[in-house]
Amino acid sequence: MVAPPSPYEVRIRIICTSLCHSDIIFWKLKVPPACFPRILGHEAVGVVESVGENVDEVAEGDVVIPTFLSDCGECADCRSEKSNLCSKFPFRVHPWMPRYDASRFTDLKGEALYHFLFVSSFSEYTVVDITHVVKIDPAIPPNRACLFGCCVSTGVGAACKTANVEAGSTVAIFGLGSIGLAVAKGARLCGAKRIIGVDINPEKFEIGKNFGVTEFINSKDCGNKSLSQVIIEMTEGGADYCFECVGLGSLVQEAYASCRKGWGKTIVVGVDKPGAQLNFSSFDVLHSGKVLTGSLFGGVKAKSDLPVLIKRYMDKELQLDEFVTHEVKFEDINKAFELLIEGKCIRCVIWMDK
């Protein structure tokens, strides 16, 4: 059962949703913030079915993208161009609605089913706070629009907004899953000259070429050299920008070691396990002059930046067809999980009514 929206909330009929690796991470997680039973899914597009009180941004029938980051437009962070991290409704892996400690999902016994990332799109209907909803042009194909809910915004945004990759620069991407490939797309849009892809799967190089990757390193084939040594030698001093897109503390450190002293930037995009730690030498941090930063949702502000990204897609500047390798019916959602776990898909779109 999906309850009607409360004030400042919107009930959405999901058209289609896609599976992200973060869904798998939290599906498998056995420690907090894991909880059960939870409705996963956070990359989707849908139609507004009904709205609660005090909602005037959208109306019944509007096509919208729900986002896991809020954009209240009121707090200091949302009013600033420097951040996409709302302080009024901060990002949390939370089992409830952001404004009320309650769920809008119940089973047939009346027991609560928990929310995921304020979206929970693996459901025909979901309820989302208005600060997490962006209205879009209904002309955008749903199986492309849903990608802006996480994958494309996170990767392209990390390159274009968080890193602000300069034309002619060298980029190294650690992990060529969907997020890493989206970073490659963004780096190419910014005019990067060399885009080095790092992965343990050699098949990813041919795939990566379609996204802008120019060179490939199989991290299993570095011999007696570290990965960072190989990259430093390839680039004569280190990459200008390194993106960690796997979610491994050890790989973050390798990426940091691989970027150029003096001006190199390392951007952490991958989702690691809760409690994972990084270990750096204070001496090296001081003397290397490098930058290490995180990039949640690619630094993208949902209500102002997402429409700009979508326009780049509509103007054919940003191509997305290569991301969607599989499409399944909702009843075949387990097939989507199998494909992603086995590394056989980039993005699998799950249709609610096909």
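Residues numbered from 1 in each chain as written. Predicted model: local features only at pLDDT ≥ 70, side-chain atom pairs only at ≥ 80, totals over all residues. Heavy atoms only, no water.

The line we're drawing: UniProt positions are given in the numbering used here, feature names are shortened, and annotations may be inferred rather than shown by experiment.
As recorded in an unreviewed UniProt entry, the chain goes by the name alcohol dehydrogenase, listed as coming from Theobroma cacao. Here the chain is described in UniProt, under the heading Cofactor (unreviewed entry), as follows: "Zn(2+)".

1. Some words on the UniProt feature "domain: Alcohol dehydrogenase-like N-terminal" (unreviewed entry) in the chain
Counted only if it meets this: In this text, helices come from DSSP runs of H or I with a minimum length of four residues, and strands from runs of E with a minimum of two, each type numbered from the N-terminal end.
As annotated by UniProt and renumbered to match this structure, "domain: Alcohol dehydrogenase-like N-terminal" (unreviewed entry) occupies residues 7–137. Strand forms 27% of residues 7–137 and helix 9%; the C-alpha atoms that close the span are 25 Å apart.

2. Looking at the packing of helix α4 (residues 151–162) against helix α10 (residues 302–314)
Think of two packed helices as two axes; the pair is described by the angle between the axes and how far apart they sit. Rules: To obtain an axis, a line is fitted to C-alpha atoms, over the contacting stretch when the element is a helix, and the angle between two such axes runs from 0 to 180 degrees between their N-to-C directions. Throughout, the term roughly parallel applies to angles under 35 degrees, roughly antiparallel to angles over 145, roughly perpendicular to angles from 65 to 115, and oblique to all others. Any two residues whose heavy atoms approach within 4.5 Å are treated as being in contact. Under this grouping Gly is polar, as are all residues other than the nonpolar Ala, Val, Leu, Ile, Met, Phe, Trp, Tyr, Cys and Pro and the charged Asp, Glu, Lys and Arg.
It is at 12 Å that the axes of α4 and α10 come closest, and there the two elements cross at 100°. When the axis of α4 is compared with that of α10, the two are roughly perpendicular. Along the contact surface, α4 presents S153, V156, C160 and K161, while α10 presents D305, L306, L309 and R312. When its residues are assigned to classes, the contact of α4 with α10 shows 4 nonpolar, 1 polar and 3 charged.

3. Observations regarding the sheet that holds strand β11 (residues 241–244)
Going by this rule: Strand pairing is defined by DSSP finding a minimum of two bridges between the two strands.
Strands sit in the order β10-β9-β8-β11-β12-β13 across an open sheet of 6 strands; the sheet is parallel. Where the open sheet ends on each side, the last strands, each with one partner, are β10 (215–218) and β13 (291–294). Adjacent strand axes in the sheet meet at a mean angle of 20°, parallel and antiparallel pairs treated alike. Relative to β13, strand β12 (residues 265–268) is paired through 4 bridges, and the arrangement is parallel. Among the inter-strand pairings, V268 is bridged to a residue of β13, identified as G294. Contacts from α4 reach β11, β12 and β13 within the one sheet, and its direction differs from that of β12 by about 150°. Against the sheet, helix α7 (residues 227–235) makes contact with β8 (170–174), β9 (194–199) and β10, and its axis sits at roughly 160° relative to β9, the strand it touches most.

4. A look at the UniProt feature "domain: Alcohol dehydrogenase-like C-terminal" (unreviewed entry) in the chain
As recorded in UniProt, the sites labelled "domain: Alcohol dehydrogenase-like C-terminal" (unreviewed entry) are residues 179–310. Measuring from the first to the last C-alpha atom of residues 179–310 gives 17 Å, for a span that is 41% helix and 17% strand.

5. Observations concerning the environment of V10
Formally: Per-residue accessibility, obtained with a 1.4 Å probe over protein chains only, is compared with the maximum for each type, and a residue is labelled buried under 20%, exposed over 50%, and partly exposed between these values.
Position of V10 among the secondary structure elements: in strand β1 (residues 9–18). Classification of V10 by relative accessible area gives buried; the value is 0%. Remark: the alpha-carbon pair of V10 and T131, spanning 121 residues in sequence, is separated by 9.8 Å. In this structure, V10 is in contact with P5, V48, S50, V51, V55, V58, T126, V127, V128 and I130, ignoring residues within four places of it in sequence.

6. Observations regarding the side chain of S50
As a reminder of what qualifies: In protein, a polar contact means a hydrogen-donor-capable atom and an acceptor-capable atom, both N or O and within 3.5 Å, with residues adjacent in sequence counting only if both atoms are side-chain atoms; elsewhere, any N or O pair within 3.5 Å suffices.
Mapped onto the secondary structure, S50 falls in strand β2 (residues 43–51). Polar contacts involving the side chain of S50 include one to the side chain of E49, which spans 2.6 Å. Residues in contact with S50, not counting those within four places in the same chain, are P5, V10 and R11.

7. Comments concerning a nonpolar patch on the surface
Heads up, the condition is: The patch calculation keeps residues exceeding 30% relative accessible area without a salt bridge and links them within 9 Å when they carry like charges or within 5 Å when they are nonpolar (Val, Leu, Ile, Met, Phe, Trp, Tyr). Surface exposure here means Shrake-Rupley accessible area, sampled with a 1.4 Å probe, where a residue is shielded only by the protein chains that are shown. By convention in these notes, a salt bridge is any Lys or Arg side-chain nitrogen within 4 Å of a carboxyl oxygen on Asp or Glu.
A cluster of nonpolar side chains, L85, F91 and L296, forms an exposed patch at the surface whose accessible area comes to about 230 Å². Looking at where L296 falls in the secondary structure, it is placed in the loop between β13 and α10.

8. Describing the packing of aromatic side chains
Defined as follows: Note on aromatic pairs: the rings of Phe, Tyr and Trp (six-membered ring only in Trp) are paired at centre separations within 6.5 Å, and the planes decide the class, stacked below 30 degrees, edge-to-face beyond 60, tilted for the rest. Distance and angle both matter: a charge sits over a ring if NZ of Lys or CZ of Arg is within 6 Å of the ring centre and within 35 degrees of the ring normal.
Taken as a whole and assessed by the stated rule, the structure comprises 10 aromatic pairs. Ring geometry for F26 and F116: centres 5.4 Å apart, planes at 55°, overall tilted. With F26 in helix α1 (residues 21–28) and F116 in the loop between β5 (112–113) and β6 (125–129), this pair connects stretches of sequence that are 90 residues apart. Judged by relative accessible area, which is 11%, F26 ranks as buried. Relative accessible area serves as the criterion here: at 0%, F116 is assigned to the buried category. Residues F148 and Y313 carry aromatic rings whose centres are separated by 6.3 Å and whose planes lie at 65° to one another, so their mutual orientation is edge-to-face. In this pair, F148 sits in the loop between α3 (142–145) and α4 while Y313 sits in helix α10, placing the two residues 165 residues apart along the sequence. The class of F148 is buried, set by a relative accessible area of 0%. Members of the aromatic cluster, joined through ring pairs, are W27, F122 and F337. The cationic tip of K290 hangs over the ring face of Y256; the distance from NZ or CZ to the ring centre is 5.0 Å.

9. A word on the domain arrangement of the chain
As a reminder of what qualifies: An automatic or database domain assignment is the source of the domain bounds shown. Buried area, as used here, totals the accessible surface that two parts lose on assembly, with accessibility defined by a 1.4 Å probe and the loss added over both.
Taken domain by domain, the chain holds domain 1 (9–149 + 322–351) and domain 2 (152–298). The centre of domain 1, based on its C-alpha atoms, is set 27 Å off from the matching centre of domain 2. Each side of the interface is counted separately: domain 1 has 19 residues, and domain 2 has 14 residues. Between domain 1 and domain 2, a total of about 1500 Å² is buried, with carbon and sulfur atoms accounting for 72% of that surface. Summed over the three residues of domain 1 that lose the most area to domain 2, namely E322, F323 and I346, the buried surface amounts to 33% of that side. The interface formed by domain 1 and domain 2 includes 1 salt bridge. Linking E322 and K185 is a salt bridge whose minimum nitrogen-to-oxygen distance equals 3.2 Å. Class assignment of the residues belonging to the side of domain 1 that touches domain 2 gives a composition of 12 nonpolar, 4 polar and 3 charged.

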